[in-house]
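# Structural description and commentary
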Protein chains: 2
Amino acid sequence: MSAEFFEDPDGTREQILAATYHTLCEHGYADLTISRIGEEFEKSPSLVYHHYESKDELVLECLEFMIDRFEHRTTDDVDQPRERLEEFFGWLLESNIEVERQQFIALLVELRTLASRDESYRRQFLRSDQVLERYLSNLLNSGIERGEFRECETEQVAAYVLTTLTGVMLRRSTHDIDPAWLEDVRAELEAYLEARVYRE
Amino acid sequence: MSAEFFEDPDGTREQILAATYHTLCEHGYADLTISRIGEEFEKSPSLVYHHYESKDELVLECLEFMIDRFEHRTTDDVDQPRERLEEFFGWLLESNIEVERQQFIALLVELRTLASRDESYRRQFLRSDQVLERYLSNLLNSGIERGEFRECETEQVAAYVLTTLTGVMLRRSTHDIDPAWLEDVRAELEAYLEARVYRE
């Protein structure tokens, strides 16, 4: 999930959601207002008020849109499961990421903490976790079918790896842009996958 | 880190910090006010205003106090490193935890997200991560010295495991009290430690 989903917004609804996404990345949730989204949505700020009553309505729809897009993009059978897996980890584990990705990671964490007290946010993040776990399980199953990965409990591995990556998100969002632990986590995750998932 | 640090507060300062801790657990950071802490601090609410100017000053000192206590409790050489390690994981990975622990986990996550925009909170959580990584490294080194653990990059393993546990915190704070993925994470973390750390 990231900015790419909003690169070419189709129609007014997607344009408003893209404006919400960009405003969120720049100001964070706490400082988000419908009026700021209206400013970002240059076409016609009043249209935002016309379609949405609260900032949460916009943010929740924006989250749902990204989850739908990610879910839609993923397929059951994967051609190069190990490359896809490494790509997925890399998005969170790379050093020297651009400021926009760093902001997006911090934003996802900020929105996720709303879920501890708000049922609507909780529902979105439960779904997002399910979609991501399913994506990881599919990659693992494809690797096993191709003989590239060992037989393993794919759902269990997916839940574990997603949890580690969730930890990376929380730590990254609250540390400097290139923390020392990042290289350690990358190396040890690789060692774990060598031991439990990848065939020699 | 948890309620135990505030069980027997010593002197006015610790009593005020204990009141801050209990108010935080009950109301969360967003709804915290000095006046609520004053109500919890039955002895003399006005003393809280006398000593502290803002709620952040209180919360930051409360965090620092817990980190100091945890750091103070840990020792270099550990008698039963595997048991200590499992105890440490268990605190976060157990099912059916009491509401207070669940609230405390959600609170730590809520405070941690403040660190993405506030340097003072960032400093506390950087230190807390350092203290916890050092604790884990010490356990691993003790296990290696005793011949119970394999030779491994202890700092790397510590950083990785702490990241996974940080992910458990964020996921637990935003899911139901006994999510299905918890058992998966527990089992796969155990498998990882069998493969990389524990000797048969």
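Turning our eyes to something else, we now look at the confidence of the model for chain A. With 96% of its residues at a pLDDT of 70 or more, chain A shows a mean pLDDT of 90. Model confidence for the complex is summarised by a pTM of 0.92, with the ipTM given as 0.92.

Tallying the contact residues gives 40 residues for chain A and 40 residues for chain B. Across the chain A/chain B interface, buried area totals approximately 3700 Å², and carbon plus sulfur atoms make up 57% of it. The tally of links between chain A and chain B comes to eight salt bridges. Between A:Asp129 and B:Arg171 there is a salt bridge, and its shortest N-O distance comes to 3.1 Å. Our count for the contact surface shared by chain A and chain B stands at 20 residue pairs in polar contact (both at pLDDT 80 or more). The residue makeup of the side of chain A that touches chain B, split by class, is 16 nonpolar, twelve polar and twelve charged.

Residues and elements named next belong to chain A. Taken as a whole and assessed by the stated rule, the structure comprises 36 salt bridges over all chains. Across the pair Arg101 and Glu98 runs a salt bridge, and its minimum N-O distance is 3.7 Å. Accessibility expressed as a relative area gives 15% for Arg101, which makes it buried. Here the salt bridges do not stand alone but share partners, grouping Asp68, Glu71, Arg127 and Arg134 into one network.

Time to look at the side chain of B:Arg171. Within the secondary structure, B:Arg171 sits in helix H8 (residues 154-173). Using a relative accessible area of 1% as the deciding quantity, one classes B:Arg171 as buried. Among all residues touching B:Arg171, those that are not within four sequence positions of it are A:Arg112, A:Asp129, A:Glu133, A:Ala159, A:Leu162, A:Thr163, A:Thr166 and B:Trp181.

To continue, consider helix H7 (residues 119-145) of chain A. Residue and element names in this part refer to chain A. The terminal C-alpha atoms of H7, which comprises 27 residues, lie 38 Å apart, in line with the 39 Å expected from a rise of 1.5 Å per residue. Looking at where H7 begins, the residue whose side-chain oxygen comes 2.8 Å from the main-chain nitrogen of Ser120 is Asp118. Among the residues trailing H7, Gly147 stands out with phi positive, at a value near 75 degrees.

Before going further, it helps to examine helix H4 (residues 55-73) of chain B. All names here are of chain B. When the terminal C-alpha atoms of H4 are compared, their 27 Å separation across 19 residues agrees well with the 27 Å that a helix rising 1.5 Å per residue should span. Every buried residue of H4 is accounted for by Lys55, Leu58, Val59, Leu60, Glu61, Cys62, Leu63, Phe65, Met66, Ile67 and Phe70. Contact partners of the buried residues in H4: helix H1 (11-27), helix H2 (34-40), helix H3 (45-51), helix H5 (81-93), helix H6 (99-114) and helix H7 (119-145).

Further remarks concern the relation of the copies chain A and chain B. Each copy superposes on the other: chain A lies on chain B with an RMSD of 0.0 Å after a rotation of 180 degrees and an axial shift of 0.0 Å. The superposition operator between the copies reduces to a two-fold rotation axis. Taken together, the interface assignments show that 100% of the residues at the interface of chain A recur at the interface of chain B, consistent with an identical surface on both copies.

Here we take up the packing of aromatic side chains. Throughout the structure, instances matching the rule amount to 21 aromatic pairs over all chains. When the centroid spacing of 4.8 Å and the interplanar angle of 25 degrees are considered together, the rings of A:Phe6 and A:Tyr21 count as stacked. Of this pair, A:Phe6 sits in the segment before helix H1 (11-27) while A:Tyr21 is found in helix H1, placing the two residues 15 residues apart along the sequence. Here A:Phe6 matches A:Tyr21 in class, with each residue buried. The interplanar angle of 75 degrees and the centroid separation of 6.1 Å between the aromatic rings of A:Tyr192 and B:Tyr192 together place this pair among those described as edge-to-face. With one member in each of two chains, A:Tyr192 in helix H9 (residues 181-196) and B:Tyr192 in helix H9 (residues 181-196) form a pair that bridges those chains. For the pair A:Tyr192 and B:Tyr192, a shared accessibility class is recorded, and that class is buried. Feature note: the residues A:Phe6, A:Tyr21, A:Phe65, A:Trp91 and A:Phe104 constitute an aromatic cluster, connected by ring pairs.

One non-glycine residue with positive phi stands out, namely A:Asn96, at about 50 degrees. A residue is classified by how much of its surface remains accessible, and A:Asn96, at 65% relative accessible area, is exposed.

One frequently used descriptor of interface size is the decrease in accessible area upon assembly of the parts. Residue and element names in this part refer to chain A. Domain parsing of chain A yields domain 1 (1-73) and domain 2 (76-200). With centres defined by C-alpha atoms, the gap from domain 1 to domain 2 works out at 25 Å. Every contact between the two is made by 20 residues of domain 1 and, on the other side, 20 residues of domain 2. Taking both partners together, domain 1 and domain 2 bury about 1800 Å²; carbon and sulfur atoms supply 70% of that area. Where domain 1 meets domain 2, there are three salt bridges. Taking the shortest distance from any N to any O, the salt bridge between Arg134 and Glu71 comes out at 3.1 Å. Across the contact surface, domain 1 and domain 2 share six residue pairs in polar contact (both at pLDDT 80 or more). Those elements that provide at least two residues to the side of domain 1 that touches domain 2 are H1 and helix H4 (55-73). By residue number, the principal contributor to the side of domain 1 that touches domain 2 is H4, which donates ten residues. In the side of domain 1 that touches domain 2, the residues fall into 13 nonpolar, three polar and four charged.

Criteria and cut-off values
- Residues numbered from 1 in each chain as written.
- Chains lettered and ligands numbered in written order.
- Predicted model: local features only at pLDDT ≥ 70, side-chain atom pairs only at ≥ 80, totals over all residues.
- Heavy atoms only, no water.
- pLDDT = per-residue confidence, 0-100.
- Contact = heavy atoms within 4.5 Å.
- Buried area = accessible area lost by both parts, 1.4 Å probe.
- Salt bridge = Lys/Arg side-chain N within 4 Å of Asp/Glu carboxyl O.
- Polar contact = N/O pair within 3.5 Å; in protein donor to acceptor, adjacent residues only side chain to side chain.
- Nonpolar A, V, L, I, M, F, W, Y, C, P; charged D, E, K, R; others polar.
- Buried < 20%, exposed > 50% of the residue type's maximum accessible area, 1.4 Å probe, protein only.
- Helix = DSSP H or I, 4+ residues; strand = E, 2+ residues; numbered from the N terminus.
- Expected span 1.5 Å × (residues − 1).
- Least-squares fit on C-alpha atoms with pLDDT ≥ 70 in both.
- Phe/Tyr/Trp six-rings, centres within 6.5 Å; stacked < 30°, edge-to-face > 60°.
- Domains from an automatic or database assignment.

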